[in-house]
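Per-entry structural report
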Amino acid sequence: MSHYPIALNLDNKSILVVGGGTVAERKVGALLETGADITVVSPELTPKLEEQKDQDLISCERKNYQTADIEDEFLVIGATNSPDVNKQIAEDAFARNLLVNIVDQPEISNFNVPAVVREGALCLSISTGGKSPALSGRIRRELEEGFGVEYDHFLELMGDLRGKIIAKVNKERVRKQIFKDLAYSKAIKYMQEGSYQQAIEIINNILPSEIKVALLDDQDDQDDQDDDKFKIIEVKEANNEE
Ligand SMILES: C[C@@]1(CC(=O)O)C2=NC(=C\c3[nH]c(c(CCC(=O)O)c3CC(=O)O)Cc3[nH]c(c(CC(=O)O)c3CCC(=O)O)/C=C3\N/C(=C\2)[C@@H](CCC(=O)O)[C@]3(C)CC(=O)O)/[C@H]1CCC(=O)O
Ligand SMILES: NC(=O)c1ccc[n+]([C@@H]2O[C@H](COP(=O)([O-])OP(=O)(O)OC[C@H]3O[C@@H](n4cnc5c(N)ncnc54)[C@H](O)[C@@H]3O)[C@@H](O)[C@H]2O)c1
């Protein structure tokens, strides 16, 4: 039996983290990026969790866990240092069909948390099926070296191009080839070397003639909060110009 990896959308979902120690702090840190509504139940909190509570980033209840705390949650993390309390949390969660991660007993959890490499929209997750979290961490660090900001830039462009290519290129077989050619091209390699202009040439050679990409210059970008590197130019075909 192996686990089924998924990427959850937790925006506005109610999440309960039981325990306020170093492991709870790490889980909360990752959850804060998801837009989840996080409540921590614990008699004690680390200084960081305390600070996040003061900034209203999380809600906290300073008390020992009780079964009633779990009602109406979408996902629960049992991160106390008491195996018995953690086991009770798992039982309560299973009785309510909730997603539950117990940090000291993977065998009674219905999901584990992987190590994650994130670069913009790119998300790589690493799991060892609970056999060696330290190895997951090591592999994360190794992968991080190879996936820099150019992946973010490339993916932002691909996301912007995708709908335009689907709209312009009717034949599915041709579209599929364009998407593959872009993904397998040397564009990212040139971007890694800082040669964005060369990357553009490669991309433009693959794109249909009506769609072209150019580098965004400072004037284009003045109010732009995100760091898009490219702009897309839709070229009218010669016979449509008049
Ligand atoms: C990936 C990561 C994500 C995260 O938590 O954010 C994560 N643990 C991380 C770090 C880490 N955890 C531990 C060490 C000390 C070295 C070591 O033990 O290896 C280190 C290393 C460090 O601290 O650097 C101790 C530990 N971990 C677990 C137990 C209980 C047990 O094994 O029974 C014990 C106590 C064992 C004991 O009693 O000694 C259990 C789990 N830890 C998992 C995830 C799940 C399986 C993931 C997988 O399949 O690989 C699973 C099953 C449950 C869960 O938590 O979901 C994060 C890496 C973040 C990063 O670097 O990117
Ligand atoms: N999964 C992982 O990645 C991982 C990593 C390291 C350790 N662990 C295991 O996770 C557990 C927690 O580790 P830690 O370093 O965060 O421990 P910790 O001692 O720093 O924190 C434990 C927290 O649980 C709270 N707590 C205790 N009883 C409680 C109760 N009845 N209700 C609510 N909160 C309660 C405490 O107040 C404290 O805030 C340990 O058992 C450890 O073996 C897991």
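See the structure shown above.
Now for a quick tour of the structure. What you are looking at is a predicted structure, and each value in this text was computed from that prediction instead of being measured.

1. A closer look at the environment of Ala90
Examined against the element boundaries, Ala90 turns out to sit in helix H3 (residues 83-95). Residue Ala90 is classed as buried on the basis of its relative accessible area of 3%. For Ala90 and Val76, which are 14 residues apart along the polypeptide, the C-alpha to C-alpha distance reads 8.6 Å. The residues touching Ala90, leaving out its near neighbours within four places in the chain, are Val100, Ile102 and Ile108.

2. Some remarks on the pairing of strand E1 (residues 14-18)
Here E1 lies mainly inside the structure; 4 of its 5 residues are buried. In terms of strand pairing, E1 meets strand E2 (residues 37-41) through 5 bridges, oriented parallel. Across the sheet, Ser14 pairs through a bridge with Asp37, a residue of E2. One crossover worth recording links E1 to the parallel E2 by way of helix H1 (residues 22-31), and it is right-handed. With 4 bridges joining them, E1 and strand E4 (residues 75-78) adopt parallel strand pairing. Each residue of the ladder has a partner; that of Val18, found in E4, is Gly78.

3. Here we look at the site of ligand 1
Taken together, 21 residues surround ligand 1, and among them Lys27, Val113, Gly130, Ser136 and Arg140 come closest. Contact between ligand 1 and Ser127: an oxygen atom at 3.4 Å from a side-chain N or O atom of the residue. For ligand 1, an oxygen atom lies 2.7 Å from a polar atom in the backbone of Gly130. Starting from 1,100 Å² of accessible surface for ligand 1 in isolation, the protein chains cover 64%. Of all the secondary structure elements, the ones that give two or more residues to the shell around ligand 1 are H1 and helix H4 (133-146). The element contributing the most residues to the shell around ligand 1 is H4, with 6 residues.

Definitions and limits used
Residues numbered from 1 in each chain as written. Chains lettered and ligands numbered in written order. Predicted model: local features only at pLDDT ≥ 70, side-chain atom pairs only at ≥ 80, totals over all residues. Heavy atoms only, no water. Helix = DSSP H or I, 4+ residues; strand = E, 2+ residues; numbered from the N terminus. Buried < 20%, exposed > 50% of the residue type's maximum accessible area, 1.4 Å probe, protein only. Contact = heavy atoms within 4.5 Å. Pairing = 2+ DSSP bridges. Right-handed = clockwise from strand over helix to strand, strands pointing away. Near = heavy atom within 4 Å. Polar contact = N/O pair within 3.5 Å; in protein donor to acceptor, adjacent residues only side chain to side chain. Areas by Shrake-Rupley, 256 points an atom, 1.4 Å probe, with all protein chains shown as cover.

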